[in-house]
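Breakdown of the fold
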Amino acid sequence: KGKRAFIAGVADDNGYGWAIAKSLAAAGAEILLGTWVPALNIFESSLRRGKFDESRKLKDGSLMEIAKVYPLDAVYDNPEDVPEDVKANKRYAGASNWTVQEVAECVKKDFGNIDILVHSLANGPEVSKPLTETSRKGYLAALSASSYSYISLLKHFLPIMNRDGSAISLTYIASERIIPGYGGGMSSAKAALESDTRVLAFEAGRKKRIRVNTISAGPLGSRAAKAIGFIDMMIDYSFTNAPLQKELHAEEVGNTAAFLSSHLASGITGSVIYVDNGLNAMGVGV
Ligand code: NAI
């Protein structure tokens, strides 16, 4: 029987979430997406108009099928959490059932259960500010969107996850080494995400033998990364300094997610897996 995956954090065909969806689809999984509410209209109309058809192509020539796209805003757990100004915002008013709890309920109603949960989203409104210039509000917003969102997703999807399932998130080495420019509390958010990966692995493992891992990915010129502003420099730095002097393809992260979600990784949980051309292993630049 094929597996079913819910991938939160896909709004175009450039990021890691899209690549993970493709690798899982190529491995035979059914694909459900969670798309940030303000990005939903453009994403869905682009899908419909065939704008992504070229990048939907899988190795066997077929196109990745997306069974359903759910609107999602992972900073809200249920309707009571949503402030009035967001409710009234016209980018949100057109969609419904997009809090984490509601999305999980909708997926349950539509499909019953899932096997694979992927968290490929992050947001830090003050990411371009150094930590010492970050406001409390900005710091907490980074943690809310980039770390707690994962706890919330797992909490709400766990009841509909099949035994022996897998949950995966994306992290970045700025959690453990100094990366100037990755500010606004985003480095803190990734540190929290990695620590939570271990605790969640214990809890989800004991409950349902679900494995929880995070992929520490190298730099990719995604929409989110371009918003940070220093991504081209990080890609150049990696090319110059990493053991493997090649471009890092999103597909390599996608394939790792497919491996981690498969029976081949049945003994791996609570781990941070690096997919970064080996850059994390370097002690000095060369
Ligand atoms: P991306 O732009 O493709 O993905 C980020 C997604 O998060 C977007 O689709 C955005 O709409 C969504 N999002 C933001 N706030 C949200 C919210 N409140 N609710 C629901 N969705 C929300 O960019 P990318 O870079 O592929 O990011 C995916 C993950 O990979 C993130 O966790 C990021 O930190 C991580 N990562 C990225 C690296 C890079 O160099 N691009 C390196 C290492 C990790």
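What counts and what doesn't
- Residues numbered from 1 in each chain as written.
- Predicted model: local features only at pLDDT ≥ 70, side-chain atom pairs only at ≥ 80, totals over all residues.
- Heavy atoms only, no water.
- Pairing = 2+ DSSP bridges.
- Helix = DSSP H or I, 4+ residues; strand = E, 2+ residues; numbered from the N terminus.
- Axes fitted to C-alpha atoms, helices over the stretch in contact; angles between N-to-C directions.
- Contact = heavy atoms within 4.5 Å.
- Near = heavy atom within 4 Å.
- Polar contact = N/O pair within 3.5 Å; in protein donor to acceptor, adjacent residues only side chain to side chain.
- Areas by Shrake-Rupley, 256 points an atom, 1.4 Å probe, with all protein chains shown as cover.
- Nonpolar A, V, L, I, M, F, W, Y, C, P; charged D, E, K, R; others polar.
- Buried < 20%, exposed > 50% of the residue type's maximum accessible area, 1.4 Å probe, protein only.
- Phe/Tyr/Trp six-rings, centres within 6.5 Å; stacked < 30°, edge-to-face > 60°.
- pLDDT = per-residue confidence, 0-100.

Regarding the sheet that holds strand S4 (residues 114–119)
On the basis of which strands lie adjacent, the open sheet formed by seven strands has the order S3-S2-S1-S4-S5-S6-S7 and parallel pairing. In this open sheet, the two strands that pair with only one neighbour each are strand S3 (68–72) and strand S7 (272–275). Within this sheet the neighbouring strands show an average axis-to-axis angle of 20°, counted without direction. Across five bridges, the pairing between strand S1 (residues 4–8) and strand S2 (residues 30–36) is parallel. Bridge pairing in S2 links arginine 4 to glutamate 30. Set on the sheet, helix H2 (residues 37–48) makes contact with S2 and S3; between it and S2 the angle comes to about 135°.

Quick look at the site of the ligand
In the vicinity of the ligand lie 28 residues, with Tyr16, Asp73, Lys190, Leu220 and Ser222 positioned nearest. With respect to the ligand, the side chain of aspartate 73 contributes an N or O atom lying 2.9 Å from a nitrogen atom. In this structure, lysine 190 approaches the ligand through a side-chain N or O atom, which is 2.9 Å from an oxygen atom. Across the complex, the protein chains shield 93% of the 820 Å² of accessible surface that the ligand would expose by itself. Counting residues per element, the ones that place at least two in the shell around the ligand are strand S5 (161–171) and helix H9 (223–228). Ranked by residue count, the leading element in the shell around the ligand is H9, at three residues. Along the lines of polarity and charge, the residues of the shell around the ligand split into 18 nonpolar, seven polar and three charged.

Examining the pairing of S4
Across the six residues of S4, six count as buried, placing the element largely inside the fold. Where S1 and S4 come together, four bridges link them in parallel fashion. Bridge pairing in S4 links isoleucine 7 to valine 118. As judged from the five bridges shared by S4 and S5, these two strands associate in the parallel manner. Directly across from valine 118, in S5, lies its bridge partner isoleucine 168.

Quick look at the packing of aromatic side chains
As enumerated under the stated definition, the model contains seven aromatic pairs in all. Centroid distance phenylalanine 6 to phenylalanine 157: 4.8 Å. Interplanar angle 25°. Geometry classified as stacked. With phenylalanine 6 in strand S1 and phenylalanine 157 in helix H7 (residues 136–157), the pair connects residues that are 151 residues apart, well separated along the chain. No difference in accessibility class separates phenylalanine 6 from phenylalanine 157, as the two residues are buried.

Some points on the confidence of the model for the protein
For the protein, the average pLDDT comes to 97, and 100% of its residues sit at 70 or higher. Among the prediction metrics, the complex's ipTM stands at 0.99, with pTM recorded as 0.98.

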